[in-house]
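Chain by chain, the residues:
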Amino acid sequence: MYNILVTDDEQIVIDSLSFIINKSFSDINVYTALSGTEALEIAMKEKIDIIFMDINMPGLSGLETASCIKKLKPNIVINILSAFDRFQYAQEAINLGSFKYITKPVNRNVLIETIKESIDVVESHRGKLSADTELHKKLDLVSPMIENDFIYACIFNNENTDLSSYLDYFNLTGTSWLFCCFEFPNINSSNQMDTYSKIHALLNNEHKCLVSSFMMNRIVVFYPVYSQENNYETLQAAIKQIYTKLSYNISSGIRCGVGQIESDMSKLQESYNEALSNLNKVSSTGGLNFTGQEQEVFQSVKSNKTELKNQILTKLKLGDTNNVKLFTDLFASDLLNSNTDLNKYKNALLELLITGHNTAEQIVQLPEDSSYDNAFSFMSQENNTSLLKDFVQKLLTEYSQIISSSKTQEENPLITKVCNYLDQHLQEDISLEQMANIINVSPFYLSKLFKEEKGITFINFISDKRLEKARDLLEHSDLSIKEITSEIGYNDQNYFSRIFKNKYGLSPKEYRKSN
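What you are looking at is a predicted structure, and each value in this text was computed from that prediction instead of being measured.

Reading guide: rules and limits
- For every chain, the first residue of the written sequence is number 1, and numbering continues from 1 onward in sequence order.
- The predicted nature of this model means local features are confined to residues of pLDDT at least 70 and side-chain atom pairs, given and counted, to a pLDDT of 80 or more, with totals for whole chains, interfaces and linings taken over all residues.
- Remark: hydrogens and water are excluded; side-chain values derive from all non-hydrogen atoms of the structure.
- Where helices and strands are cited, they refer to DSSP runs of H or I of at least four residues and of E of at least two residues respectively, numbered from the N terminus.
- Here the expected span of a helix is defined as 1.5 Å times the quantity of residues minus one.
- Burial classes: relative accessible area under 20% of the type maximum marks a residue as buried, over 50% as exposed, and values in between as partly exposed (1.4 Å probe, protein chains only).
- This arc is built from the directions going out from the helix axis to the C-beta atoms.
- Contact criterion: two residues are considered in contact whenever any of their non-hydrogen atoms come within 4.5 Å of each other.
- The rule for pairing is simple: two strands pair if DSSP sees at least two bridges between them.
- Here an axis means a line fitted to C-alpha atoms, over the contact stretch when the element is a helix, while the angle between two N-to-C directions is reported on a 0 to 180 degree scale.
- Throughout, nonpolar core names a set of buried Ala, Val, Leu, Ile, Met, Phe, Trp, Tyr and Cys residues whose side chains join them through atoms within 4.5 Å.
- Ring geometry is summarised as follows: Phe, Tyr and Trp rings, the Trp one being its six-membered ring, pair when their centres sit within 6.5 Å, and such pairs are stacked at plane angles under 30 degrees, edge-to-face over 60 and tilted between the two.
- A clockwise course of the path from the first strand over the helix to the second, judged with the strands pointing away from the viewer, identifies a crossover as right-handed.
- Residue-level confidence of the predictor is what pLDDT reports, using numbers from 0 through 100.

Novice: Tell me about helix α16 (residues 413-425), and please be specific about residues and values.
Specialist: A rise of 1.5 Å per residue sets the reference length of α16, with its 13 residues, at 18 Å; its end C-alpha atoms lie 18 Å apart and thus fit the reference within 8%. Along α16, the residues classified as buried are Ile415, Val418, Cys419 and Leu422. Seen end-on, α16 carries its buried residues on one side only, within an arc spanning 95°. Facing away from the buried side of α16 by over 90 degrees, the exposed positions are Pro413 and Gln424.

Novice: Hey, could you go over the environment of glutamate 117 for me, with residue numbers and the actual values?
Specialist: Tracing the backbone through its elements, the reader meets glutamate 117 in helix α5 (residues 108-155). Distance from glutamate 117 to phenylalanine 99, taken between C-alpha atoms, is 9.3 Å for residues 18 residues apart in sequence. Apart from the residues within four sequence positions on either side, glutamate 117 is in contact with Phe99 and Lys100.

Novice: An account of unusual backbone geometry is requested, with residue identities and associated values reported.
Specialist: Excluding glycine, most residues fall at negative phi; most peptide bonds, likewise, are trans. Lysine 104 connects to proline 105 through a cis peptide bond whose omega is -5°. As for its position among the elements, proline 105 is in the loop between β5 (100-103) and α5.

Novice: Now, about the sheet that holds strand β9 (residues 255-258): what can you tell me, with residues and values included?
Specialist: In a beta sheet, neighbouring strands are held together by backbone hydrogen bonds and run either parallel or antiparallel to one another. Taken in spatial order, the five strands of this open sheet run β7-β8-β6-β9-β10, and their pairing is mixed. The open sheet terminates on both sides in strands that have one partner only, identified here as β7 (210-211) and β10 (287-290). As paired elements, strand β6 (residues 176-183) and β9 share four bridges and run antiparallel to each other. In the strand pairing of β9, glutamate 183 is matched with arginine 255. Strands β6, β8 (218-225), β9 and β10 of the sheet are contacted by helix α8 (residues 232-249), whose axis makes an angle of about 160° with β10. Packing of helix α9 (residues 268-280) onto the sheet brings it into contact with β6, β8, β9 and β10, and relative to β6 it is tilted by some 35°.

Novice: Report on the nonpolar core, specifying residues and quantitative values.
Specialist: Counting residues in hydrophobic clusters, the biggest one holds 36 residues, and the most contacted among them are Leu446 and Phe458. Beyond its immediate chain neighbours, meaning those up to four positions away, phenylalanine 458 contacts Val418, Leu422, Ile430, Ser431, Leu432, Met435 and Phe450. Listed in part, the 29 residues of the second largest apolar core include Val324, Leu326, Leu330 and Leu349.

Novice: Give me the lowdown on the packing of aromatic side chains, citing residues and values where you can.
Specialist: What describes a pair of aromatic rings is the distance from one ring centre to the other and the angle between the planes of the rings. Inspection of the entire model under this criterion finds 11 aromatic pairs. On the numbers, 5.6 Å between centres and 75° between planes, the contact of tyrosine 490 with tyrosine 495 is edge-to-face. Note on tyrosine 490: relative accessible area 11%, which makes it buried.

Novice: Break down the pairing of strand β1 (residues 2-7) for me, with residues and values.
Specialist: Taken across its six residues, β1 has six buried, putting it largely inside the fold. Alternating residues of β1 divide into Tyr2, Ile4 and Val6 and Asn3, Leu5 and Thr7, and every residue in both groups is buried. In this sheet, strand β2 (residues 28-33) lies alongside β1 in parallel orientation, the contact comprising six bridges. Bridged to leucine 5 within β2 is tyrosine 31. A crossover links β1 with its parallel partner β2, the connecting element being helix α1 (residues 11-24), and its sense is right-handed.

Novice: Give me the confidence of the model for the protein chain: which residues, what numbers.
Specialist: On average, residues of the protein chain carry a pLDDT of 81, and 88% of them reach 70 or more. Here helix α4 (residues 87-95) is the element of the protein chain with the lowest mean pLDDT, 63, and β1 is the one with the highest, 94. Low pLDDT (under 50) marks residues 294-303, which in the prediction has 41 contacts with non-local residues, meaning those over four places away or in another chain.

Novice: Could you give me a rundown of the sheet that holds strand β3 (residues 50-54), with the residues and numbers involved?
Specialist: The strand order across the open sheet formed by five strands is β2-β1-β3-β4-β5, and the pairing between neighbours is parallel. Only two strands of the sheet have a single neighbouring strand rather than two, namely β2 and β5. Along the sheet, successive strands turn relative to each other by an average axial angle of 20°, direction set aside. Here five bridges tie β3 to strand β4 (residues 77-82), and the two strands are oriented parallel to one another. Directly across from aspartate 54, in β4, lies its bridge partner leucine 81.

Take a look at the structure:
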C-alpha cells in the first residue's frame, strides 16, 4: 500500500489528479492539500510515500515546502508540478532533490508512468530498510519472552539455568540490581496485554530494566543498578518517580515493594522474596515500600498539585469522566500526603470545584444545582476529608458527563451518517471520493470536516474501525484469519496481519491464541 499527497491551490487540479490515481491504482491512498503549510502538516503526521507538489502557491511556495519536507523526511519521493516550462524552475526543483518536474496540464499517461517510477524508488528505500526493520521486529517480539524466562528462573531458583547468559544478552553484565514487585488493580484478561505493553514501555523509558509478564495482577521488575547510582536513597527517588508515572498513566492504587541492592548472583531468589515481602506490607489502597521501612512511605501518587489540577480541567473539557474521577482522587490524596491542614484542604477542593464549574459553563449550559449553590456551606461544616473529596468529585464527574453527552449530541449529522454507513459496509473498498459522493459533498470538504470532528483522517479512521472489528472477530468468532481479512474489507491477508501487529503488538494468530 502506498500513500500519495497531491498539493495544489486549485481544487480542480486536485480532483482531476485524485480521480486518475484512484482509477488507475487500487493500492494507493490519496491525501490532498490546498497549501504548502497544509502539505507540510500532513507529511509530518502521515506516512506519505510520494508527493505531487504545485510550484506556485500563495504563502509557502511548492519549492519552499519541498525543501522543508526533504530535510525532515528525505525518503519521500517529491514530484514538482508547474504551469511554466522554465529551465530555472526545473533546475531548482532538481537541486532540492525532487524526482520529476511535470508541466501542467498533466498528461494522464505521464502521471501514471511517474507514479510507477516513484513507487520503484519507494520500494528501493523500503528494501534498504527492510532488513533492519525485520530484525528490530523480531527482537521486539523475542526480547519480552527472554526477559520473562530470566525473571521466572530467578523467582523459582532454577539451578540448571545459566542466568549470566541472560544478562549477557541484555548487556547487563557487571552491574548490581534490585527487584521491584508491582501489583495493579483491575487487571483482567481483556486489558492485560495492552496494560503490559504500556508498563514495559514506560519503565524502559525511565530506566533500562527487565520486566516479567503478568502473574495474576502482578509483575516483577529486575532493576539494574549501575556504579554511579549505587546509593539506596538515590534509587528510592528514581523509583518513586517511576511509581508516580505508572499511577498517572496506568492506574491509581498501585502497590509496590522494593528490595535492597544486591550484586551476588546466588541471592537472586532471596532478593525477589525481599521485594515481595515489602509489597505485602503495603496498604490495600496502594503505596510503595522499601527495605528497612516498617510502614509504606509513599502511599498514593506524589505530584505537583498544579499539574494534577490542570489534568482534571483538561479531562473535564474532553468529557473524560473516568479520568476526572481518577485525577480528583489523586489531587485529594496529594493534599493529605502533604500534611495539608483541614482548612487548606477544604480551600483547595473548593477552589477546584469553582474552577471546574466555571470551565464547564464555558462549554455547555449546566442545569441549576442546589448542591453547587450550597457548596460553601456544606464544606464549611463538614470535617470528614473523605466526604469532602466525594462531594467535589461527584459534582465534577457530573459536569464531565454533561459535557460528554453534549459532544455526542452535537456531532455533525454528515459525520454521523458517514459513521453509520461505514459500520454497515466495512467489508467494501471505500475511498474518500466514494464516501463524498454518497453523502453529496466534495471530497475536500468531507476530509476537512472529518479531521475537525474526529481528530483523525478519513483513511485512518476506516483502518482503526476495521482493526477494531477484526479484534472482536478474533476474540468472539471461529472465522479463519483469511475470512476475517475479507470480512473487514482487505484483500491481502499478509497486509492485514502486518498492520494488525503494528497496532496491537501481536499478529492476528498470536492475538487469538492469547485470548
